[in-house]
Amino acid sequence: MRPAIRFASIGLALAALAYAAAPSATAADAVDPVADAKAFKKYFTDKFPKVKLEDFVNGPYSMDEGLHQQWQEKEQFPPYEFSLELGKEMFSKPFKNGKSYGDCFPNKGIGIRQNYPYFDEKEGKVITLELALNRCREANGEPPFSYVKDEMAALTAYMAFTSRGKPFDIKIPNDPRALAAYENGKEYFYTRRGQLNFSCATCHVQSPGERIRAEVLAPALGILNAMPIYRSEWSGMGTTSRRFTSCNSQIRGVPFSPQDDEYRNVEYYLSFVSNGLPISGPGARP
Amino acid sequence: MTGKNNGFALPRRVILQGVASVALLGLGKIAFGAAPAFAANDKYPDEAFKQKSSDDAIKLLYGKTAEKSDKIKLDAPEIAENGAVVPIAVSSTLSDVTAIAFLVAENPNALVAAYKIPAGTMPSVANRIKMARTSNVIVVVEAGGKLYSTSKEVKVTVGGCGG
Amino acid sequence: MASTIRVRATSSGETTEVQALIQHPMDSGFIKDAKGETIPPHFIQQLTFEYDGKVVFAADWGGGVSKDPYVKFAFKGGKKGDDLKVSWVDSKGKTDTTTAKIL
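Residues numbered from 1 in each chain as written. Chains lettered and ligands numbered in written order. Predicted model: local features only at pLDDT ≥ 70, side-chain atom pairs only at ≥ 80, totals over all residues. Heavy atoms only, no water.

Glancing now at unusual backbone geometry. Residues and elements named next belong to chain A. Omega for the bond connecting Tyr116 with Pro117 falls within 30 degrees of zero, at 0 degrees, which places this linkage in the cis form. With respect to the helices and strands, the residue Pro117 is situated in the loop between helix H5 (81-92) and strand E1 (118-120). Going from Gly281 to Pro282, the amide bond is cis rather than trans, its omega being -5 degrees. Secondary-structure assignment places Pro282 in the loop between helix H11 (261-272) and strand E7 (283-285). (Helix = DSSP H or I, 4+ residues; strand = E, 2+ residues; numbered from the N terminus.)

Considered for burial, the residues of helix H4 (residues 65-75) of chain A that qualify are Leu67, Gln70, Trp71 and Lys74 of chain A. Taken down its axis, H4 of chain A places every buried residue within 105 degrees of arc, on the same side. Looking at H4 of chain A, the residues exposed on the side facing more than 90 degrees away from the buried face are Glu65 and Gln69 of chain A. On its buried side, H4 of chain A packs onto strand E4 (215-216) and E7 of chain A together with strand E3 (79-80), strand E4 (86-92) and strand E7 (124-129) of chain B. (Buried < 20%, exposed > 50% of the residue type's maximum accessible area, 1.4 Å probe, protein only. Arc of directions from axis to C-beta. Contact = heavy atoms within 4.5 Å.)

Residues and elements named next belong to chain A. Here chain A averages 90 in pLDDT, and 90% of its residues register 70 or above. This model gives residues 1-12 a pLDDT under 50, and the stretch forms 16 contacts once residues within four places in sequence are excluded. Here residues 15-27 is modelled with pLDDT under 50, and outside its nearest four sequence neighbours on either side it reaches 11 contacts, counting other chains as well. (pLDDT = per-residue confidence, 0-100.)

Quick look at the interface of chain A and chain C now. In this assembly, 10 residues from chain A lie in contact with 13 residues from chain C. Taken together, the two surfaces of chain A and chain C that pack against each other cover about 1100 Å², and 54% of this comes from carbon and sulfur. Taken together, the links from chain A to chain C amount to 2 salt bridges. Its salt-bridge partner being Glu85 of chain A, residue Arg6 of chain C comes within 2.5 Å of it at the nearest N-O pair. (Buried area = accessible area lost by both parts, 1.4 Å probe. Salt bridge = Lys/Arg side-chain N within 4 Å of Asp/Glu carboxyl O.)

If you look at the interface, chain B gives 40 residues, while chain C gives 43 residues. Between Lys116 of chain B and Asp60 of chain C there is a salt bridge whose closest N-O contact spans 3.1 Å. Across the chain B-chain C interface, the total number found is 16 residue pairs in polar contact (both at pLDDT 80 or more). Sorting the residues of the side of chain B that touches chain C by element identifies helix H1 (46-50), strand E6 (111-116) and E7 of chain B as the ones contributing at least two each. Per element, the largest residue contribution to the side of chain B that touches chain C is 6 residues, and it comes from E7 of chain B. Among the residues forming the side of chain B that touches chain C, the class breakdown is 23 nonpolar, 9 polar and 8 charged. Alignment of E7 of chain B against strand E5 (residues 70-76) of chain C, held across 2 bridges, turns out to be antiparallel. Bridge assignment links Ala126 of chain B to a residue of E5 of chain C, and that residue is Lys72 of chain C. (Polar contact = N/O pair within 3.5 Å; in protein donor to acceptor, adjacent residues only side chain to side chain. Nonpolar A, V, L, I, M, F, W, Y, C, P; charged D, E, K, R; others polar. Pairing = 2+ DSSP bridges.)

Attention now goes to the side chain of Asn225 of chain A. All names here are of chain A. Relative to the assigned elements, Asn225 resides in the loop between E4 and strand E5 (229-231). At 2.9 Å, the side chain of Asn225 and the backbone oxygen of Leu277 are in polar contact. Within the structure, the side chain of Asn225 is placed 3.0 Å from the backbone oxygen of Pro278, a separation counted as a polar contact. Residues within four places of Asn225 in sequence aside, it is in contact with Val57, Phe168, Ser274, Leu277, Pro278, Ile279, Ser280 and Gly281.

Here we take up the nonpolar core. Ranked by size, the top nonpolar core spans 65 residues in total, and within it Tyr115 of chain B together with Phe49 and Trp61 of chain C carry the most contacts. If we skip the residues at most four places from it in the chain, Phe49 of chain C touches Val18, Ala20, Lys54, Val55, Val56, Phe57, Val71, Phe73, Leu84, Lys85 and Val86 of chain C. (Core = buried A, V, L, I, M, F, W, Y, C linked by side-chain atoms within 4.5 Å.)

As a further point, take the sheet that holds E7 of chain A. All names here are of chain A. Strand order in the open sheet formed by 3 strands is E6-E5-E7, and the pairing between neighbours is mixed. Looking at strand neighbours, the two that pair on one side only are strand E6 (236-238) and E7, the edges of this open sheet. Adjacent strand axes in the sheet meet at a mean angle of 35 degrees when their direction is disregarded. Examined bridge by bridge, E5 and E6 share 3 bridges and lie antiparallel to one another. What sits directly across from Tyr230, in E6, is Met237. (Axes fitted to C-alpha atoms, helices over the stretch in contact; angles between N-to-C directions.)

Next up on the list: the pairing of strand E5 (residues 97-104) of chain B. Residues and elements named next belong to chain B. Most of E5 sits inside the fold, with 8 of its 8 residues counted as buried. In this structure, E5 lies alongside strand E8 (residues 135-143), joined through 7 bridges in antiparallel fashion. Residue pairing in the sheet places Phe102 in a bridge with Val139 of E8. Hairpin connection of E5 to E6: 6 residues between the antiparallel strands.

Next up on the list: the side chain of Ser100 of chain A. The residue Ser100 of chain A is located in the loop between H5 and E1 in this model. Beyond its immediate sequence surroundings of up to four residues, Ser100 of chain A is in contact with Phe91, Lys93, Pro94, Phe95 and Cys136 of chain A.

Next up on the list: the domain arrangement of chain A. Residues and elements named next belong to chain A. Taken domain by domain, chain A consists of domain 1 (13-77 + 171-285) and domain 2 (81-161). When each unit is reduced to the centre of its C-alpha atoms, the spacing between domain 1 and domain 2 is 22 Å. The interface of domain 1 with domain 2 comprises 28 residues on the first partner and 27 residues on the second. When domain 1 packs against domain 2, close to 2200 Å² is buried across both sides, 61% of that on carbon and sulfur atoms. When the buried area of domain 1 at its contact with domain 2 is split by residue, Gln259, Arg264 and Ile279 rank highest and sum to 25% of it. (Domains from an automatic or database assignment.)

Moving on, we get to the packing of aromatic side chains. All names here are of chain A. Evaluation of the coordinates by the stated rule reveals 31 aromatic pairs over all chains. With a centroid separation of 5.0 Å and 85 degrees between ring planes, the pair formed by Phe189 and Tyr190 is classed as edge-to-face. For Phe189, a relative accessible area of 2% corresponds to the buried category. Between Phe189 and Tyr269, the aromatic rings sit 5.6 Å apart at their centres with planes inclined by 50 degrees, giving tilted as the arrangement. In this pair, Phe189 is assigned in helix H8 (residues 176-190) and Tyr269 in helix H11, connecting sequence segments 80 residues apart. Taken together, Phe40, Tyr43, Phe44, Phe48, Phe56, Tyr182, Phe189, Tyr190, Tyr269 and Phe272 form an aromatic cluster joined through their ring pairs. Looking at Arg137, its charged tip hangs above the ring of Phe145, at a distance of 3.6 Å from the centre. (Phe/Tyr/Trp six-rings, centres within 6.5 Å; stacked < 30°, edge-to-face > 60°. Lys NZ or Arg CZ within 6 Å of the ring centre and 35° of its normal.)

Structure follows, in structure tokens:
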């Protein structure tokens, strides 16, 4: 571990905020997710005093008036409509064995997206919605889908849609492994990598609302609430997995495989610090 | 071509029925007699869509040139979020509007869309278009047999022709 | 197969507002794929909306219309519960048609 990487300036700033907001934190290296989440939100609401907390889930559209108008126009008949319909159809269609996706999830899979990812204490790992969907398929004798788009995007689009407006409710159980997964995800988020030497935070904490080349950067707060997204840049849908891997490629790093531990943990961290913000997916993005 | 094309005279489109022989009203000086590209209906103005220049496309489409009008309201973003999907809306206070067309001067082919507005349909259209690069978006409105236009520059930072 | 056409037609009494979204690649013929080969043109050329046996809106489109094209217009009249027929034909001669109820 290179200390210079861990102590990126933003990480320090946030850490300072976290400690300020959490008088109960005793040791300098104590992990306090609740204080993290509070400081994370405070950072963004201080930086963008005009943006309402729940509007951060609209990504770059919450940051720029011109973009906001184009988004409103698109939302009249959103480009994710076809994917959403496909997802709904797939979700209700039984597998060859007669069971269906609903049988793998609490409440038949309806209105539960805000609880993912969760920490599975039996397995000792973070379980994302995409992972749970493919495990559901495999448990029922069906081949898994690609994690990045198409069917997986359609299924998660439908599940997000049934949870729209419900606040992210990610839990960290009293299990040191859960805390370690969270901490690992946080570390991943603030660690610089790739030839451009960017961390996730370089763009999405330090510079949201600013342009990187032609695109307006989305704030990290609420960024996963809108998943999956139809990106005009992709001319199609993409999942959280697609977002992580393509971000890593764009900074000229080598992406992990979708649903590798690092991505699961960073999704856990990023979702937790957005707790309380509403699910807005499926979303549309430039 | 009558100046007052009130739309009731417009041929009914019969795309899926394959019935031929309707007149080609409303299409200006497009050559008559050419074989229809598909099932018989209003002929698709293939040549107009192949033109590089917006002036040529407008001429082929309507057989005349357009004059500037401030009675056309063009809603387009200052900066397109992505050239692949640029929302553009148009409405007009001109009377007897029979057609509205959208062109992008800097696209490889300027003409993007040409709409026919029968009588009883509002002179107002919204659609999403591709823009290869920063360009003037030109809107042409045919009203009372005359042609009017307006334009607005839309900046494109991510082109819509790169995939 | 599900229809490629989604229509929302809403009557306000006086007028009917129509929005349509169509699933179509709208390949312009100017784009190359990952292998550097040009993707041949394939786009919707004509789209019509018929109400009560009469064309209320007709589009001629080129490859410059966005993928999964969207269009919005409005016409006078149109009653709740009535049918609105939508059809398209593309540059390969493929067609689709659907009938939507005005809400």
